[in-house]
Amino acid sequence: MKTITAKLLTTALAISFAGEALATEWNVSVWGKRRAFTEHVEKLAELVSEKTGGEFTMNISYGGLSKNKENLDGISIGAFEVAQFCAGYHADKNRAITVLELPFLGVSNLEEEVAVSHAVYAHPAVQEEMAQWSAKLLMTSPMPQYNIVGTGDPRDELADFDGMRVRATGGLGKAFAAVGGVPTSVTATEAFQAMDSGVVDTVAFAQHAHLAFGTINKADWWTANLNPGTVNCPVVVNTDAYDSLSDEHRAALDSSVEEAIAHYLANYGALLEKWDGVLAEKGVTKVEISEDELAKFRDVAGKPIHDAWLADMSAQGLPAQELYDLVFKTLEDVRAAN
C-alpha cells in the first residue's frame, strides 16, 4: 500500500511540475497610464491569455519596472520580457527605425503608419540592429501626425516658431530647429511639468498624449493642420524569452499581433472622432495654418532633413537609401491596394 501511495504521490507531483512548466508569465514595461497608446499591448495580453487558457500571462506595468528611456536597456539584459519605447528617446541605439520619424513623410492615416512601420521593422538591417539589444520587434504603436498645443497668442506663421521652446523628439525636434525653434526632448511623462513651469512654450504630441499627460489642460490653442510628422514607438520582446516559448505559446503571441493592432486602430479612431468636442469643452482654439506657411515649413524642414539623414546613416554603414525608399514604396503599395 505504501508503495502504491508513493507512486501516486510521485505521479501527482510530476503532473504538477509539468503544469508549472507549461505556464508562462511575462512582465511588460510601459509608462504613464493606460491610454490609447497602450491599448494594443492590453489587447495582446488579453488575447494571449484567452488563446492559451490562461497558461500564458502578461503582467503590464505602467512605470513600475523601468523609466521609459531605459526600456530598451531593460530588454537587452532580460529585466522584463516585453517593452514599449520611442525611437527618439535614444536614436543612437535604434538608428535604422529613425527613418520613420523623418518630418513630412506624407503618411496620411494610422493604417499607412502601421504599414510603413512594419515594412521597415521587417528589413534585415533593422532586425540586425535590434538584435544587438536582444530585442525582437513585435508591433508598432501607430500615432497620427503630431500637432502642438501652446499658451498665449496662437503661432500660425513660420516666423512665430523662431525662438519657440517646444517639447519635440527625434525628427520632429530637428524640424522645429530648422525654423528657429528650440526643441527639448523631455519624456512624455515630464511634458506637463515642463509646460506648467515655463521650460517649454509648446508641446508636440498626438491627440491621445495631449489628453493623457494633461498638456491640453494648459493649452490656449492647438494646431489642427501643422502635421510635421510623428514619433515611432515599437513594442519589442526579449529574444531569449521569445525563443524559449513553446510552439503553442509562440503561435498564440504571433497570431495576436494583427488582432491587437486592429483593436488599437478602432479605439484610436473613436478618440479622433471626439477630438473637436474635447477642444470645445476645454476652450482651446483650433488654429489652421495657411498652405503658404506649410509649404515654407516643408521646404525648410522636409527634404534638407531627409538628405542629412541619408548622408549621416549611410556614413554609419546603414542601408539608408534602401530604408528610405521602402517607406515610399510601401505607401504606394498601400494606396494602390485601396
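This write-up is about the structure you can find in this document.

Rules and cut-offs
- Residues numbered from 1 in each chain as written.
- Predicted model: local features only at pLDDT ≥ 70, side-chain atom pairs only at ≥ 80, totals over all residues.
- Heavy atoms only, no water.
- Pairing = 2+ DSSP bridges.
- Helix = DSSP H or I, 4+ residues; strand = E, 2+ residues; numbered from the N terminus.
- Axes fitted to C-alpha atoms, helices over the stretch in contact; angles between N-to-C directions.
- Contact = heavy atoms within 4.5 Å.
- Parallel < 35°, antiparallel > 145°, perpendicular 65-115°, else oblique.
- Left-handed = near helix turned anticlockwise from the far one by under 90°.
- Phe/Tyr/Trp six-rings, centres within 6.5 Å; stacked < 30°, edge-to-face > 60°.
- Buried < 20%, exposed > 50% of the residue type's maximum accessible area, 1.4 Å probe, protein only.
- Salt bridge = Lys/Arg side-chain N within 4 Å of Asp/Glu carboxyl O.
- Nonpolar A, V, L, I, M, F, W, Y, C, P; charged D, E, K, R; others polar.
- Right-handed = clockwise from strand over helix to strand, strands pointing away.

**Description of the sheet that holds strand S4 (residues 135-139)**
Sheet strands associate in pairs through backbone hydrogen bonding, adopting either a parallel or an antiparallel arrangement.
Item 1. Spatial ordering of the open sheet is given by S2-S1-S3-S10-S4, a layout of five strands whose pairing is mixed. Each edge of the open sheet is held by one strand with a lone partner, namely strand S2 (56-62) and S4. Each strand axis lies, on average, 25° off the axis of its neighbour in the sheet, ignoring direction.
Item 2. In the packing of helix H2 (residues 39-51) onto the sheet, contacts are made with strand S1 (24-30), S2, strand S3 (82-84), S4 and strand S10 (235-238), and the angle to S2 comes to roughly 160°.

**Considering the packing of helix H4 (residues 110-121) against helix H10 (residues 247-282)**
Item 1. It is the contact of H4 with H10, at a shortest axis distance of 10 Å, that shows an interaxial angle of 150°. Considering their axes alone, H4 and H10 lie roughly antiparallel with respect to each other. Judged by the sense of rotation from one axis to the other, the crossing of H4 with H10 is right-handed. Between H4, through Leu110, Glu111, Val114 and His118, and H10, the contact on the second element is made entirely by Ile261, Leu265 and Tyr268.

**Side note on the packing of aromatic side chains**
Item 1. This structure, assessed with the given rule, holds twelve aromatic pairs.
Item 2. Ring centres of Phe161 and Phe176 lie 6.0 Å apart, and the angle between their planes is 80°; this geometry places the pair in the edge-to-face category. Here Phe161, found in the loop between strand S5 (147-150) and strand S6 (165-167), pairs with Phe176, found in helix H6 (residues 170-178); they are 15 residues apart in sequence, far enough to count as distant.
Item 3. On the basis of relative accessibility, which here comes to 2%, the residue Phe161 falls in the buried class.
Item 4. Assessed through its relative accessible area of 1%, Phe176 is described here as buried.
Item 5. Residues Tyr264 and Tyr268 carry aromatic rings whose centres are separated by 5.9 Å and whose planes lie at 35° to one another, so their mutual orientation is tilted. Of this pair, Tyr264 and Tyr268 both sit in helix H10, four residues apart, roughly one helical turn. Each member of the pair, Tyr264 as well as Tyr268, carries the same accessibility label: buried.

**Points about the pattern of salt bridges**
Item 1. Within the structure shown, the criterion is met by 16 salt bridges.
Item 2. Among the salt bridges present, the one from Glu46 reaches Lys43, with a minimum N-O distance of 3.1 Å. One end of the pair, Glu46, and the other, Lys43, are both in helix H2, three residues apart, so they sit about a helical turn from each other.
Item 3. Among the ionic pairs, Lys296 bridges to Glu293, the shortest N-O distance being 3.0 Å. With Lys296 and Glu293 both in helix H11 (residues 291-301) and three residues apart, this pair spans about one turn of that helix.
Item 4. Exposure remark for Lys296: the relative accessible area of 41% places this residue in the partly exposed category.
Item 5. When salt bridges with common partners are traced through the structure, they connect Arg34, Glu39 and Glu42 into a single cluster.

**Observations regarding the packing of H2 against H10**
Item 1. In the contact formed by H2 and H10, the axes pass within 7 Å of each other and the chain directions differ by 140°. Relative to H10, H2 is oriented oblique. With respect to the hand of their crossing, H2 and H10 are arranged in right-handed fashion. For the pair H2 and H10, the contacting residues are Glu39, His40, Lys43, Leu44, Leu47, Val48 and Lys51 in the first and Glu248, Ala252, Leu253, Ser255, Ser256, Val257, Glu259, Ala260, Ile261, His263, Tyr264 and Asn267 in the second.
Item 2. Its residues placed into classes, the contact of H2 with H10 shows nine nonpolar, five polar and five charged.

**Quick notes on the pairing of S1**
Both faces of the sheet carry side chains from a regular strand, because those side chains alternate between them.
Item 1. Taking burial as the measure, the seven residues of S1 include five buried ones, the bulk of the element.
Item 2. The sheet contact formed by S1 and S2 spans seven bridges and is parallel. Paired with Val28 across the bridge in S2 is Ile60.
Item 3. Handedness of the crossover joining S1 and S2 through H2 is recorded here as right-handed.
Item 4. Direction of pairing for S1 relative to S3: parallel, over a ladder of two bridges. Bridge pairing links Val28 to Val82 in S3.

Fair warning: the whole summary comes from geometry, so function is off the table for now.
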